[in-house]
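Topology and contacts: notes
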Amino acid sequence: MAEGSTITGSASENRGRWAAEIAATVKLAAPIALAFLAEIAIVVADAVMAGKLGEDAIAAEGLGAHLLFTPQLLAMGVLSSVAALGSHADGAQDSAMVTRVARQGLWLATLLAIPAVLITATIPSILTLAGYNPNLVGMSAGMIYIGIAGIPALLWYTALRNFATVLHKTRIVVVISLVSLAVAIFSNWLFLYGNWGAPKLGVTGVGVSWALASWVQLAIMAVYVQRERVLAAYRVLNDLLHPDGRILKDLFHVGWPIAMSYAFETGLFLASSLMMARISEAALAAHTVVISISSVSYMIPYGISQAATVRVGFYSGAGDPVGARRAGFIAILLACIWMVFTGALMVLLPHQLIGLYIDITNPANAGALAVALIIIPIGALFQVVDGLQTSAIGALRGLKDTHLPMVICFIGYWVIGFGSSFILTFPLDMGAHGIWLGIFVGLAASGTMLTLRFQSLSRRHVSRDADAA
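For the structure given in this document, a descriptive report is provided here. A quick note: this is a predicted structure, and the numbers were derived from the prediction, not measured.

Here's the deal with the overall build of the chain
When you go through the chain residue by residue, the secondary structure sums to 16 helices and 0 strands. Along the first, second and third principal axes, the C-alpha atoms of the chain reach 70 × 50 × 35 Å. In the chain, which comprises 469 residues, the share counted as buried stands at 58%. Partitioning the intrachain contacts of the chain with sequence separation of at least 6 by distance along the chain shows that 83% fall at a separation of at least 24. Counting every atom, the chain has about 18,200 Å² of accessible surface; 69% of that belongs to carbon and sulfur. Positive and negative charge centroids in the chain, built from 25 and 23 side chains respectively, lie 8 Å apart.

Here's the deal with the packing of helix α10 (residues 245–279) against helix α16 (residues 432–468)
Relative to each other, α10 and α16 sit at 170 degrees, their axes nearing to 10 Å. Relative to α16, the element α10 lies roughly antiparallel. Between α10 and α16, the contacting residues are Glu-265, Phe-269, Ser-272, Met-275, Met-276 and Ile-279 on the first element and Ala-432, Ile-435, Trp-436, Ile-439 and Leu-443 on the second. Broken down by class, the residue content of the contact of α10 with α16 amounts to 9 nonpolar, 1 polar and 1 charged.

Observations concerning the packing of aromatic side chains
Inspection of the entire model under this criterion finds 16 aromatic pairs. Between the aromatic rings of Phe-329 and Phe-454, the centroid separation amounts to 5.1 Å while the plane-to-plane angle is 70 degrees, which identifies the pairing as edge-to-face. Note that Phe-329 is positioned in helix α12 (residues 321–348) and Phe-454 in helix α16, a separation of 125 residues in sequence. Assessed through its relative accessible area of 22%, Phe-329 is described here as partly exposed. Since its relative accessible area comes to 0%, Phe-454 is described here as buried. Plain terms: the ring middles of Trp-414 and Phe-418 are 4.9 Å apart, the flat faces sit at 40 degrees to each other, and that makes the pair tilted. With Trp-414 and Phe-418 both in helix α15 (residues 403–425) and 4 residues apart, the pair spans about one turn of that helix. Among the aromatic side chains, those forming a connected cluster through ring pairs are Trp-414, Phe-418, Phe-422 and Phe-426.

Observations concerning a nonpolar patch on the surface
On the surface, Ile-279, Phe-422, Ile-423, Phe-426, Leu-428 and Met-430 cluster together to form a nonpolar patch covering roughly 510 Å² of accessible area. Position of Ile-279 among the secondary structure elements: in helix α10.

Things to note about the side chain of Thr-165
Here Thr-165 lies in helix α6 (residues 151–166). Taking the relative accessible area as the measure of exposure, Thr-165 reaches 7% and is therefore buried. Discounting residues that sit within four places of it in the chain, Thr-165 has contacts with Leu-28, Ile-32, Thr-170 and Val-310.

A few points about helix α3 (residues 81–91)
Among the 11 residues of α3, 11 are classified as buried, and the element is accordingly described as predominantly covered. Among the residues of α3, those classed as buried are Ser-81, Val-82, Ala-83, Ala-84, Leu-85, Gly-86, Ser-87, His-88, Ala-89, Asp-90 and Gly-91.

So, the nonpolar core
If you look at the biggest cluster of nonpolar residues, it comprises 143 residues, and the most contacted ones within it are Leu-155, Phe-163, Met-221, Val-236, Tyr-357 and Trp-436. If you tally residues by element for this core, the top one is helix α11 (residues 281–317), at 18 residues. Beyond its immediate sequence surroundings of up to four residues, Leu-155 is in contact with Gln-72, Ala-75, Met-76, Leu-79, Ala-109, Leu-112 and Ala-113.

Looking at the packing of α15 against α16
When two helices pack together, you describe them by how their axes are tilted relative to each other and by the distance separating the axes. Orientation of α15 relative to α16, taken along the N-to-C sense of each, is 160 degrees, at an axis distance of 7 Å. The pairing of α15 with α16 is recorded here as roughly antiparallel in orientation. The element α15 and its partner α16 pack so that their crossing is right-handed. Along the lines of polarity and charge, the residues of the contact of α15 with α16 split into 16 nonpolar, 9 polar and 1 charged.

What about unusual backbone geometry?
The backbone of Gln-93 shows a phi angle near 60 degrees, a positive value even though the residue is not glycine. Assignment of secondary structure puts Gln-93 in the loop between α3 and α4 (95–129). Residue classification places Gln-93 among the exposed positions, given a relative accessible area of 55%. One non-glycine residue, Trp-196, lies in the positive phi region at around 55 degrees. As for its position among the elements, Trp-196 is in the loop between α7 (171–191) and α8 (204–227).

The rules behind these values
- Residues numbered from 1 in each chain as written.
- Predicted model: local features only at pLDDT ≥ 70, side-chain atom pairs only at ≥ 80, totals over all residues.
- Heavy atoms only, no water.
- Helix = DSSP H or I, 4+ residues; strand = E, 2+ residues; numbered from the N terminus.
- Buried < 20%, exposed > 50% of the residue type's maximum accessible area, 1.4 Å probe, protein only.
- Contact = heavy atoms within 4.5 Å.
- Areas by Shrake-Rupley, 256 points an atom, 1.4 Å probe, with all protein chains shown as cover.
- Lys, Arg positive; Asp, Glu negative; His and termini not counted.
- Charge placed at Lys NZ, Arg CZ, Asp CG, Glu CD.
- Axes fitted to C-alpha atoms, helices over the stretch in contact; angles between N-to-C directions.
- Parallel < 35°, antiparallel > 145°, perpendicular 65-115°, else oblique.
- Nonpolar A, V, L, I, M, F, W, Y, C, P; charged D, E, K, R; others polar.
- Phe/Tyr/Trp six-rings, centres within 6.5 Å; stacked < 30°, edge-to-face > 60°.
- Patch = residues over 30% accessible without salt bridge, like charges linked within 9 Å, V, L, I, M, F, W, Y side chains within 5 Å.
- Salt bridge = Lys/Arg side-chain N within 4 Å of Asp/Glu carboxyl O.
- Core = buried A, V, L, I, M, F, W, Y, C linked by side-chain atoms within 4.5 Å.
- Left-handed = near helix turned anticlockwise from the far one by under 90°.

By themselves, these are just geometric observations and shouldn't be taken as functional.
Now the structure itself:
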């Protein structure tokens with residue numbers, strides 16, 4: 001149970017509370033962020049290894065990765081409710097409810113896997129009907145069809161990971177992600193290039209590595225949940241044959257707006273990839289490179305966002321709205337500080353960062369390099385607002401506030417972001433430059449509105465608690 005907070009107190013007491021909360025947030029967020037970095041390293045490794053096969057291969061891999069992961073991300077968004085509801089139960093010291101939430105999270109993951117698989121399987125046909133480059137679609141399709149095999153494992157793993165996060169047992173996810181990274185790289189080496197007598201599958205080989213890595217993650221986490229002393233006491237993997245309709249309904253009620261928020265953001269980046277594909281393969285390759293660079297730095301604020309949900313949720317469940325408000329703003333501050341640092345690196349070292357993905361000395365990659373150098377400074381700018389929006393929305397989820405943030409995300413990402421990208425790119429003929437300017441505008445709008453929402457809602461909770469006292 002968290003210690004109670006008060007609105008008043010000496011300056012030294014308040015500084016002490018802020019320092020303690022910063023330490024607690026960093027302690028919880030660091031393993032999560034490191035694990036996400038290892039996971040995004042898989043995506044980076046896929047792009048880098050596919051890039052060795054040429055500009056068309058990295059373009060196909062980037063498109064395939066977006067299309068394969070998007071349905072899974074939506075399902076993972078719904079499963080974020082396991083962390084939100086579980087942390088509330090933990091704050092209220094209701095261990096039985098923590099167990100029920102985790103078990104029903106596994107049921108929810110199973111139910112979500114069915115539409116995720118079916119939707120993913122139809123994507124290549126839709127692209128063909130939409131008139132996209134047949135060679136590009138064909139290369140991406142193999143990766144997508146093979147990668148489908150990993151979807152159920154990834155969703156079950158996500159439910160268990162959220163349960164472990166509620167109880168601050170997050171170091172294991174670093175180990176799991178590093179093992180998965182090794183599996184993915186080795187699998188790519190075998191099947192992308194046909195080493196050791198394995199079939200040379202090209203971009204399709206990336207789908208093999210995705211599926212294998214997902215099942216490895218699940219296997220290790222399942223063993224850990226059964227063997228680790230604190231987690232084993234909850235007996236989450238026992239008595240799994242009895243669904244609980246009420247808990248499932250609560251999880252879905254909180255989780256589906258989170259999924260839609262993910263959908264709006266991911267959909268914006270997917271739409272930007274599809275618009276880039278309309279411009280040229282060089283533009284799509286450059287877009288894939290800069291998105292990958294941005295995604296690496298984003299993993300730290302994303303980890304902080306996950307920690308914010310748990311920390312804010314814990315204080316809220318414990319009846320401590322001041323602590324919840326403090327935890328949320330600390331997460332927002334830490335995320336923005338990190339993104340200022342990484343944005344500066346993108347401005348100062350563009351050639352070095354781009355060179356990690358493509359051979360910038362090869363004349364065949366000159367087109368992709370030129371576009372990448374144009375859009376990477378804009379990517380550096382939206383680093384800060386991206387950190388702002390993801391940490392703010394994580395804090396709001398800790399308050400179980402997911403419906404209005406979903407509306408805010410739709411307005412920010414699609415009405416403002418996509419609308420700006422489309423107008424700047426096509427009617428105003430700004431090309432790739434216009435796409436990225438529109439993304440920046442959308443993220444800035446979302447980040448500002450979400451932060452103001454947390455400010456207003458958390459202050460309301462504090463005032464209500466003070467009036468009740």
